[in-house]
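Listed below are the residues making up each chain.
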Amino acid sequence: MTTACLIPCFNGESYLSQLQMQISSVNGTFDEIIIADDGSTDDTFRTAQRLGLPIVKLSQNHGPGGARNRLAELSSADWIHFLDCDDRISPTFVSDIVPLIREDVDVLLCSGDFVDEDDNSLLQRWEFDEMSFDRNAVNAAFNTPIPSFCSMIRRHSFLDAGGFDEARKCWEDGDLHLRLAAAGAKFRVTKKVLSISPRHARGASANHLYCHQCRLEYVEGYVRQNLPIDKQLLAEEAAKLGYLFLSAGKTRSAWRAYSLIKEIGRFPAESDNPFFNEALARLPLNWSHCLSALAKIGVGRLRDFKARKLSST
């Protein structure tokens, strides 16, 4: 049983010294480490060579999903872990993860933190519940999308699932793990925080509307492919996306999300006002959710206006 750490790198020259320290600090090292220079326009390749880091140069920029797929194809390890060049990895990552490997397991999950790149403050902790994955791995992977820095995957399971979606730069890691779950992958979990991913304003994930659009397209695909995801979960996610789009003034995307709820045929809109609730119940699902969201947005903006008014007096 062999393990690999696979690292896509696009214009990551400034992170390579830190990456070298991160890799060298891991106890019980990976059997294989490969960095892919994904069409960088800076001096990533030569800097990595100078630091003695194992790097290959891809012929063009493939994006995060494509670069990871090329790395998985190049690897010869049984188990693969994807790390971005600015991510941080615990010194005990290998020694904590490897004991979880069993013959019937395909994906190993650890907890991971999103932190602010500037002040290192915690933005979000990703934690996973093994019992939820045992009960229904597809629902669990949809409900808590899994970032790639929180997993180690059996390589042949990754390749059989088709790897990462190369068309999008956001949610592609959550989509990969969901497809693995739908293919029958078995998950094991450690609660230990073994990976840290700094967040900044330069990546695709900082563009929230782009990420919401990607998520909506994925959810639409899951509905139309009839993946075995609980209909209520799908409808709730579509409603949440519709609200986010409507709040941002993206009415066309909001209507797509609300129309998806109608397509799913579940999850009626509800209001605290019994009269409004009765009116919503008489409308098609897409209209009822749209009107309910507009009412919530209006109430929220009215509260904000009153708060600003009070603070200025």
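Residues numbered from 1 in each chain as written. Predicted model: local features only at pLDDT ≥ 70, side-chain atom pairs only at ≥ 80, totals over all residues. Heavy atoms only, no water.

Student: How should I be thinking about the side chain of Ser90 in this particular structure?
Tutor: Structurally, Ser90 is set in the loop between β5 (88–89) and α4 (93–97). A distance of 3.0 Å separates the side chain of Ser90 from the side chain of Thr92, its partner in a polar contact. (Helix = DSSP H or I, 4+ residues; strand = E, 2+ residues; numbered from the N terminus. Polar contact = N/O pair within 3.5 Å; in protein donor to acceptor, adjacent residues only side chain to side chain.)

Student: Looking at this model, I keep getting lost on the state of the cysteines. Mind explaining?
Tutor: Such a bond, covalent and formed between the sulfur atoms of two cysteines, is termed a disulfide. Under the counting rule described, the total for this entry stands at one disulfide. The disulfide that involves Cys170 links it to Cys211, with 2.5 Å between the sulfurs. Since a negative S-S torsion denotes a left-handed disulfide, the Cys170-Cys211 link at about 105° is right-handed. You can see Cys170 sitting in the loop between α6 (155–160) and α7 (172–182) and its partner Cys211 sitting in helix α8 (residues 208–224), a full 41 residues away along the chain. Both residues of the pair, Cys170 and Cys211, belong to the buried class. Between Cys110, a free cysteine, and Cys150, which holds the nearest cysteine sulfur, the sulfur-to-sulfur gap is 5.0 Å. Judged by its relative accessible area of 1%, Cys110 falls in the buried class. (Disulfide = S-S within 2.5 Å. Buried < 20%, exposed > 50% of the residue type's maximum accessible area, 1.4 Å probe, protein only.)

Student: Is there a simple way to think about the environment of Ala254 in this case?
Tutor: Within the element layout of this structure, Ala254 appears in helix α10 (residues 251–264). Classification of Ala254 as buried rests on a relative accessible area of 1%. A C-alpha to C-alpha distance of 34 Å links Ala254 and Asp86, two positions 168 residues apart in sequence. Contact partners of Ala254, with chain neighbours within four places excluded, come to Gly242, Phe245 and Leu246. (Contact = heavy atoms within 4.5 Å.)

Student: Got a minute to help me understand the pairing of strand β2 (residues 32–37) in this structure?
Tutor: Regular strands place side chains that alternate from one sheet face to the opposite one. Of all six residues that make up β2, five are buried, and the element is covered over most of its length. Bridge analysis of strand β1 (residues 3–9) against β2 gives six bridges, and the strand direction is parallel. Counterpart to Cys5 in the pairing with β2 is Ile33. Handedness of the crossover joining β1 and β2 through helix α1 (residues 16–24): right-handed. (Pairing = 2+ DSSP bridges. Right-handed = clockwise from strand over helix to strand, strands pointing away.)

Student: Would you take a moment to explain unusual backbone geometry for this structure?
Tutor: Peptide bonds are trans in most cases, and residues, glycine excluded, mostly fall at negative phi. The phi angle at Asn11 is positive, at roughly 50°, despite the residue not being glycine. Of the residues examined, Asn11 reaches a relative accessible area of 29% and is grouped as partly exposed. Its identity as a non-glycine residue notwithstanding, Asn120 has a phi of 65°, on the positive side. With respect to the helices and strands, the residue Asn120 is situated in the loop between β6 (107–116) and β7 (122–126).

Student: Would you take a moment to explain a nonpolar patch on the surface for this structure?
Tutor: A cluster of nonpolar side chains, contributed by Trp255, Leu283, Trp287, Leu291 and Leu294, occupies part of the molecular surface with about 440 Å² of accessible area. At three residues, helix α12 (residues 285–312) tops the list of elements feeding residues into the nonpolar patch. As for its placement among the helices and strands, Leu294 is situated in helix α12. (Patch = residues over 30% accessible without salt bridge, like charges linked within 9 Å, V, L, I, M, F, W, Y side chains within 5 Å. Areas by Shrake-Rupley, 256 points an atom, 1.4 Å probe, with all protein chains shown as cover. Salt bridge = Lys/Arg side-chain N within 4 Å of Asp/Glu carboxyl O.)

Student: What exactly am I supposed to notice about the packing of aromatic side chains here?
Tutor: Geometry of an aromatic ring pair is reported as the spacing of the ring centres plus the angle between the planes. Across all of its chains, the model carries ten aromatic pairs by this definition. Note that Arg168 overlies the ring of Tyr218, its terminal NZ or CZ placed 4.5 Å from the centroid. A cation over an aromatic ring shows up here: Arg215 above the ring of Phe142, its NZ or CZ 4.6 Å from the ring centre. (Phe/Tyr/Trp six-rings, centres within 6.5 Å; stacked < 30°, edge-to-face > 60°. Lys NZ or Arg CZ within 6 Å of the ring centre and 35° of its normal.)

Student: Looking at this structure, I do not really get the pattern of salt bridges. What am I missing?
Tutor: A side chain of one charge can pair with a side chain of the opposite charge when the charged atoms of the two come close. Scanning the entire structure with this criterion turns up 19 salt bridges. Across the salt bridge formed by Glu217 and Arg168, the nearest N and O atoms sit 2.9 Å from each other. Of this pair, Glu217 sits in helix α8 while Arg168 sits in the loop between α6 and α7, and the two are 49 residues apart along the sequence. Taking the relative accessible area as the measure of exposure, Glu217 reaches 27% and is therefore partly exposed. Here Arg215 ties to Glu237 by a salt bridge, and the two come within 2.9 Å at their closest N and O atoms. Here Arg215, found in helix α8, pairs with Glu237, found in helix α9 (residues 231–247); they are 22 residues apart in sequence, far enough to count as distant.

Student: Just checking my understanding: could you explain the nonpolar core for this structure?
Tutor: Phe133 and Phe187 are the most contacted members of the largest nonpolar core, which has 61 residues in total. In terms of residues, this core owes the most to one element, α9, which gives eight residues. Here Phe133 is in contact with Leu109, Phe128, Ala140, Ala141, Ile146 and Phe187, once residues within four sequence places are set aside. (Core = buried A, V, L, I, M, F, W, Y, C linked by side-chain atoms within 4.5 Å.)

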